[in-house]
Amino acid sequence: YPGVAIEAVTDSSRYFVLRIQDEGGRSAFIGVGFGDRSDSFDLNVALQDHFKWVKKEEEAEKEKEEGKPNLDLGFKDGQTIKINMKIT
């Protein structure tokens, strides 16, 4: 983020530009503005969260293709753990 489909306007925190493309490759740009700054902030956070998730998924897929083993932190059969606690 920003990506090719949505971008924040550089001189305002409340406005965004959406790029819409049809199957033929033609593009249109649509401006979106929020009257309330908190609504704009919510959209911005949601976009950042989405793109972080996309990046994480791409990295996981890349690791899977490279054959890196998954980290297994689960208990194996017969393994136990002991915790000593002093409760007064």
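In the annotation of an unreviewed UniProt entry, the entry for the protein reads Adaptin ear-binding coat-associated protein 2, and the organism field reads Scylla paramamosain. Per its UniProt entry, the protein bears the Sequence similarities (unreviewed entry) comment "Belongs to the NECAP family."

Description of helix H1 (residues 37-66)
Between its first and last C-alpha, H1 extends 43 Å over 30 residues, near the 44 Å set by a 1.5 Å rise per residue. In the segment just after H1, glycine 67 is the residue with positive phi, at about 85°.

Focus on the pairing of strand S3 (residues 27-33)
Sheet topology places strand S2 (residues 15-21) next to S3; seven bridges connect them, and they run antiparallel. Bridge pairing links arginine 19 to phenylalanine 29 in S3. Between S2 and S3, which pair antiparallel one after the other, the connecting turn spans five residues, and glycine 25 there sits at a positive phi close to 95°.

With respect to the packing of aromatic side chains
Tallying each qualifying case throughout the model produces one aromatic pair. Aromatic pair phenylalanine 16 and phenylalanine 34: ring centres 6.2 Å apart, planes at 85°, arrangement edge-to-face. With a gap of 18 residues between them, phenylalanine 16 in strand S2 and phenylalanine 34 in the loop between S3 and H1 connect regions that are remote in the sequence. You can call phenylalanine 34 partly exposed: its relative accessible area is 21%.

Basis of the calculations
- Residues numbered from 1 in each chain as written.
- Predicted model: local features only at pLDDT ≥ 70, side-chain atom pairs only at ≥ 80, totals over all residues.
- Heavy atoms only, no water.
- UniProt positions renumbered as here; feature names shortened; annotations may be inferred.
- Helix = DSSP H or I, 4+ residues; strand = E, 2+ residues; numbered from the N terminus.
- Expected span 1.5 Å × (residues − 1).
- Pairing = 2+ DSSP bridges.
- Phe/Tyr/Trp six-rings, centres within 6.5 Å; stacked < 30°, edge-to-face > 60°.
- Buried < 20%, exposed > 50% of the residue type's maximum accessible area, 1.4 Å probe, protein only.

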